[in-house]
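# Structure at a glance
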Amino acid sequence: MIDLGATDFYIDVPSLPRHEFEKYSTKLFDEWEAYVEQVLKIPDYALALEVEEGSIKGGAKIAATLYALYMGVGQYGSFISGVQTIQGQISSIGDFLATHATTPFSSNEVKPKIKKHSGSLGALQHLFFKVQQGKITAEQAMLEAEVMFGDEAKSEPDFMSEMKSSFENTPLLAKQLTLPLNTFEQDVFLQVGNKKRQPRSPRSPRPKPEPLIGQQFRVEVWRESKKEKRKVRVIQL
């Protein structure tokens, strides 16, 4: 399967009893799953959510076969447009998950720390951008894509063929020349900025970080395809 994207989140709240923590995790998965089904326009995918207790630290991933991704991309006209649209859907799904992870604790006015991972879709868009910039050729981009998709690339030749054609037809971006005047203005700005800097005051010693409280449980909830029922596993850490 292809990694379509992932979201990590951290919520600084007190620990929950085991039964409440398991209920919280499975409810979050069910809400997330329902939203994914509404938003993500590909025929099949796998979902996985892991939540660790202590404070709450979680991570969620979405994966799909290259065939499912190909069917999804084909709905949006051009190949690159389809990739961008589906990545936008994945990003929206990550926002939804992080927001709903904090809902039970909204009275505490907690704000989650969120980190998104764009997965293979982000890496593929980056390859297109490098081709547009003229940093790599279409042939080099194809080689990198084949390595990225691994064995999946062999399973869906139509996807790879359309991607190759899109690389070859990607127009180069116009390059902006740096004029001497621009360089002069930049140098002056840097010199003036340096003169305005004030001397640094001595740093006060940093307080030692408090030891972390040991995490007690991890709840894993996943579904390997849209047709399968979700599975739950609770692991004592």
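In what follows, the accompanying structure is described.

The rules we used
- Residues numbered from 1 in each chain as written.
- Predicted model: local features only at pLDDT ≥ 70, side-chain atom pairs only at ≥ 80, totals over all residues.
- Heavy atoms only, no water.
- Axes fitted to C-alpha atoms, helices over the stretch in contact; angles between N-to-C directions.
- Helix = DSSP H or I, 4+ residues; strand = E, 2+ residues; numbered from the N terminus.
- Parallel < 35°, antiparallel > 145°, perpendicular 65-115°, else oblique.
- Left-handed = near helix turned anticlockwise from the far one by under 90°.
- Contact = heavy atoms within 4.5 Å.
- Nonpolar A, V, L, I, M, F, W, Y, C, P; charged D, E, K, R; others polar.
- Phe/Tyr/Trp six-rings, centres within 6.5 Å; stacked < 30°, edge-to-face > 60°.
- Buried < 20%, exposed > 50% of the residue type's maximum accessible area, 1.4 Å probe, protein only.
- Expected span 1.5 Å × (residues − 1).
- Pairing = 2+ DSSP bridges.
- Salt bridge = Lys/Arg side-chain N within 4 Å of Asp/Glu carboxyl O.

### Re the packing of helix α2 (residues 66-73) against helix α7 (residues 157-168)
Closest axis-to-axis distance for the α2/α7 pair is 9 Å, and the angle between their directions is 50°. Considering the angle they form, α2 stands oblique to α7. Like other packed secondary-structure pairs, α2 and α7 cross with a definite hand, here left-handed. Touching L66, L69 and Y70 of α2 are D158, F159, M160 and E162, all from α7. Partitioned by chemical class, the residues of the contact of α2 with α7 number five nonpolar, no polar and two charged.

### Brief notes about the packing of aromatic side chains
Tallied over the full model, the rule gives eight aromatic pairs. Arranged with centres 5.8 Å apart and planes meeting at 75°, the rings of F29 and W32 form a pair that is edge-to-face. In this pair, F29 and W32 are both assigned in helix α1 (residues 18-39), three residues apart and thus about one turn of the helix distant. Given the relative accessible area of 0%, F29 is considered buried. By relative accessible area, which is 2% here, W32 ends up buried. Among the aromatic residues, those joined into a ring-pair cluster are Y70, F79, F128, F149, F159 and F167.

### What about α1?
In this model, α1 (22 residues) spans 32 Å end to end at C-alpha, consistent with the 32 Å of a helix rising 1.5 Å per residue. All of the buried residues in α1 are F21, Y24, S25, T26, L28, F29, W32, E33, Y35, V36 and V39. Residues of α1 that are buried in the fold lie against β1 (2-11), β2 (46-52), β3 (56-64), α3 (79-101), β5 (217-223) and β6 (231-236).

### Here we look at the sheet that holds β1
With respect to topology, six strands assemble into an open sheet ordered β4-β1-β3-β2-β5-β6, the strand pairing being antiparallel. With partners counted over all chains shown, the strands left at the sheet margins are β4 (113-117) and β6, one partner each. The average angle at which neighbouring strand axes cross in this sheet is 10°, direction not considered. Sheet topology places β1 next to β3; nine bridges connect them, and they run antiparallel. Its bridge partner being in β3, D8 is matched across the sheet by G59. Sheet strands touched by α1: β1, β2, β3, β5 and β6. Its angle to β2, the strand with the most contacts, is close to 150°. Running at roughly 25° to β1, α3 makes contact with β1, β3 and β4 of the sheet.

### Section: the pattern of salt bridges
The full count for this structure, using the stated rule, is ten salt bridges. In this structure, D30 engages R230 in a salt bridge whose closest nitrogen and oxygen atoms are separated by 2.8 Å. Taken together, the residues span a long stretch of sequence, with D30 in helix α1 and R230 in the loop between β5 and β6 at a distance of 200 residues. Judged by its relative accessible area of 30%, D30 falls in the partly exposed class. Here E52 makes a salt bridge to K57, at a shortest N to O gap of 3.8 Å. Here E52 falls in the buried class, since its relative accessible area comes to 15%. The class for K57 is partly exposed, based on a relative accessible area of 40%. Among the charged side chains, a salt-bridge network with shared partners connects E52, K57, R218, E220 and R233.

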